[in-house]
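Inside the fold
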Amino acid sequence: MPEARDRIPSRLLDLAERLTPAVYVVSAAVVVVGAVAGFGGLDTVAEAPVARADAGEVVAGKQLDVSVEDAWLADGFDPYFEPEPGNRFLAVRAVVTNVSDTPVSTVDDNVLVEGLEGTAGEPQADQVIRLGESSSSPVLQPAVEQEVVLLWEVPASEWEEGSRISVRVLDKTLREGFLFDASWSDPVVTAEVPLVLDDRGFQYVARDEVAP
């Protein structure tokens, strides 16, 4: 029997010598994880709350400064934009300034409405209109302030005057390309602006109301 007891430590020593360094690393990690979990260190970390901004307040960003002004429901916008039958436009007006040193070709992913999608099933607005020109998809030049209206086409039966929405302002990061040109990407919500919808009907004239 003493000989059998002597062989047990010898076998354990042989096994330990055959273990790879990776096994030791995994074992150590298990010990650390167990210790951290015991203190609650693996609990889900709550995300930092998004700042709240008021209507008309400028939300500064690396790409754009954005001031969300107001929002309303409309049956048409200027003579060129009309929703499909049974739909209306949910319009959000914003003042944006390109604070970067390159033109910005779109702002439809810098201003979104929480929980709202356009007709393509994406959160971006169906149209972005430059006020004063009624041109869609405006290009913003550096250091130029521009007033725009973003339009989402929504079912008329689901929205009414007094409905509350939360407009999200997003900022992006300039990524320097190695093989491609630098581009703005990785939009992150920097502020939320609570608004109450007005109803402006045909204040923005529909096509059939324009004089010949």
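Cut-off values and rules
Residues numbered from 1 in each chain as written. Predicted model: local features only at pLDDT ≥ 70, side-chain atom pairs only at ≥ 80, totals over all residues. Heavy atoms only, no water. pLDDT = per-residue confidence, 0-100. Contact = heavy atoms within 4.5 Å. Pairing = 2+ DSSP bridges. Helix = DSSP H or I, 4+ residues; strand = E, 2+ residues; numbered from the N terminus. Phe/Tyr/Trp six-rings, centres within 6.5 Å; stacked < 30°, edge-to-face > 60°. Lys NZ or Arg CZ within 6 Å of the ring centre and 35° of its normal. Buried < 20%, exposed > 50% of the residue type's maximum accessible area, 1.4 Å probe, protein only. Polar contact = N/O pair within 3.5 Å; in protein donor to acceptor, adjacent residues only side chain to side chain. Salt bridge = Lys/Arg side-chain N within 4 Å of Asp/Glu carboxyl O. Core = buried A, V, L, I, M, F, W, Y, C linked by side-chain atoms within 4.5 Å.

1. Describing the confidence of the model for the chain
Averaged over every residue, the pLDDT of the chain is 78; the share at 70 or more is 68%. Below pLDDT 50 for its whole length, residues 4-13 participates in 0 contacts with residues either more than four positions away or in separate chains. Between residues 205-212, whose pLDDT stays under 50, and residues either more than four places distant or in other chains, the model counts 13 contacts.

2. Focus on the sheet that holds strand β10 (residues 183-196)
An order of β1-β10-β9-β5 is seen for the 4 strands of this open sheet, with the pairing classed as mixed. At either margin of the open sheet sits one strand with a lone partner, and together these are β1 (51-52) and β5 (111-113). Judged from the 3 bridges that link them, β5 and strand β9 (residues 164-175) form a sheet pairing that is antiparallel. For V113, the partnering residue across the bridge sits in β9 and is V167.

3. Quick look at the packing of aromatic side chains
For the coordinates displayed, the defined rule picks out 0 aromatic pairs. The cationic tip of R200 hangs over the ring face of W72; the distance from NZ or CZ to the ring centre is 3.9 Å.

4. Observations concerning the side chain of Q146
You can see Q146 is positioned in strand β8 (residues 145-155). With relative accessibility at 12%, the residue Q146 sits in the buried group. Of the polar contacts made by the side chain of Q146, one reaches the side chain of R130; its length is 2.6 Å. Setting aside residues up to four positions removed in sequence, Q146 forms contacts with A94, V95, V96, R130, L131 and L140.

5. As for the environment of L170
The topology assignment puts L170 in strand β9. C-alpha separation for the pair L170 and V111, spaced 59 residues apart in sequence, amounts to 6.3 Å. Discounting chain neighbours no more than four positions away, the residues touching L170 are D109, N110, V111, L112, P187, V188, V189 and T190.

6. Some remarks on the pattern of salt bridges
For the structure shown, the criterion picks out 11 salt bridges. In this structure, D70 engages R93 in a salt bridge whose closest nitrogen and oxygen atoms are separated by 3.0 Å. On the criterion of sequence distance, the pair formed by D70 in strand β3 (residues 64-74) and R93 in strand β4 (residues 87-98) is long-range, its members being 23 residues apart. For D199, the salt bridge is made with R88, and the minimal N-O distance between the two is 2.8 Å. Residue D199 is found in strand β11 (residues 198-199), and its partner R88 is found in strand β4; the two are separated by 111 residues along the sequence.

7. Quick word on the nonpolar core
Counting residues in each nonpolar core, the largest one holds 31 residues, and the members touching the most others are L90, V92, W152, I165 and V167. Residue assignment for this core shows that the elements contributing at least two residues are β3, β4, β5, β8, β9 and β10. Broken down by element, the residue count for this core peaks at 5 residues, all from β3. Ranked by size, the runner-up nonpolar core spans 9 residues in total, among them F77, F81, F89 and I129.

8. A closer look at unusual backbone geometry
Although it is not a glycine, A143 sits at a positive phi angle of roughly 65°. Its location among the elements puts A143 in the loop between β7 (135-136) and β8. Taking relative accessible area as the criterion, A143 reaches 69% and is therefore assigned exposed. The phi torsion at D186 lies on the positive side, around 55°, for a residue other than glycine. Examined against the element boundaries, D186 turns out to sit in strand β10.

9. Here we look at the pairing of β10
Summarising the sheet, β1 and β10 pair through 2 bridges and their orientation is parallel. The residue of β10 that forms the bridge with R52 is E192. Direction of pairing for β9 relative to β10: antiparallel, over a ladder of 11 bridges. Within β10, the position partnered with R164 by the bridge is V196.

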